[in-house]
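An overview of the molecular structure
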Amino acid sequence: MRKIRNYLINNYSKEEVRDMAEYGLQGGFSGFIYYSETEAFHDKYENEIWDLVHELAEDMGFKSSLDFINSWNHSENVGSMTQFKNTLTWFAVEEASRSLVNATNFDELFKQSA
């Protein structure tokens, strides 16, 4: 998740990352609004996204990564590969933002990127 965390640090303010962690991406954040944006993000960070999915599925005791994904809110509304990539992107960015907010050096991470 390191690359996704770095992307967030380099492209968003600490307040935006805090809002991503607290409210999720459905609130509308630049770069994650349109399917074309979330698809491109997914394609760039696909391996890291799937590593995170597999790791959390295992940690949470799911039989498979797909069972884990199926447990997410709104996963039943996925009707295309585009929507699936959007769902995976939002999941990964929200997890990365929560990870950053919970880091003991959260404020320092954003001072370094300024």
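Up top is the structure.
Attention in this report is confined to the structure presented alongside it. Treat the numbers as computed from the prediction; the structure is a model and nothing was measured.

It is worth spelling out the nonpolar core at this point. In terms of nonpolar packing, the biggest core is built from 30 residues, with Leu8, Met20, Phe32, Val53 and Phe91 touching the most fellow members. Counting only elements with at least two residues in this core, the list comes to helix H1 (2-11), helix H2 (14-23), helix H3 (35-59), helix H4 (65-70), helix H5 (81-101) and helix H6 (106-113). Filtering out sequence-adjacent residues up to four positions away, Leu8 remains in contact with Val17, Met20, Val93, Ala96, Ser97, Leu100 and Phe110.

Where H2 contacts H5, the two axes come as close as 8 Å, and the packing angle between them is 115°. Note that H2 runs across H5; the crossing there is left-handed. Residues Val17, Arg18, Met20 and Ala21 of H2 pack against Val93, Glu94, Ser97, Arg98, Leu100 and Val101 of H5.

Put simply, H3 and H5 touch, their axes get as near as 7 Å, and they point 65° apart. Considering how the two elements wind past one another, H3 and H5 form a crossing that is left-handed. Taken together, the residues of H5 that come into contact with H3 (itself represented by Tyr35, Thr38, Glu39, Phe41, His42, Asp43, Ile49, Trp50, Leu52, Val53 and Leu56) are Thr82, Gln83, Phe84, Lys85, Asn86, Leu88, Thr89, Trp90, Phe91, Ala92, Val93 and Glu95. Class assignment of the residues belonging to the contact of H3 with H5 gives a composition of 13 nonpolar, 6 polar and 4 charged.

Our focus in this paragraph is the environment of Asn11. Positionally, Asn11 belongs in helix H1. Expressed as a C-alpha distance, the spacing of Asn11 and Ser64, which sit 53 residues apart in the sequence, is 33 Å.

On to the layout of surface pockets. When its volume is computed, the largest pocket comes out at roughly 460 Å³. Around the largest pocket, the lining comprises 17 residues; the ones closest to its centre are Asn73, His74, Thr87, Trp90 and Glu94. The element that contributes the greatest number of residues to the lining of the largest pocket is H5, accounting for 7 residues. Taken together, the residues of the lining of the largest pocket break down into 6 nonpolar, 9 polar and 2 charged.

Rules used in this analysis
Residues numbered from 1 in each chain as written. Predicted model: local features only at pLDDT ≥ 70, side-chain atom pairs only at ≥ 80, totals over all residues. Heavy atoms only, no water. Core = buried A, V, L, I, M, F, W, Y, C linked by side-chain atoms within 4.5 Å. Buried < 20%, exposed > 50% of the residue type's maximum accessible area, 1.4 Å probe, protein only. Helix = DSSP H or I, 4+ residues; strand = E, 2+ residues; numbered from the N terminus. Contact = heavy atoms within 4.5 Å. Axes fitted to C-alpha atoms, helices over the stretch in contact; angles between N-to-C directions. Left-handed = near helix turned anticlockwise from the far one by under 90°. Nonpolar A, V, L, I, M, F, W, Y, C, P; charged D, E, K, R; others polar. 1 Å grid on protein atoms, 1.4 Å probe; cavity = no way out; pocket = protein on both sides within 12 Å on 5 of 7 lines; lining within 4 Å. Points joined across faces, edges and corners; volume = space filled by probe spheres on them.

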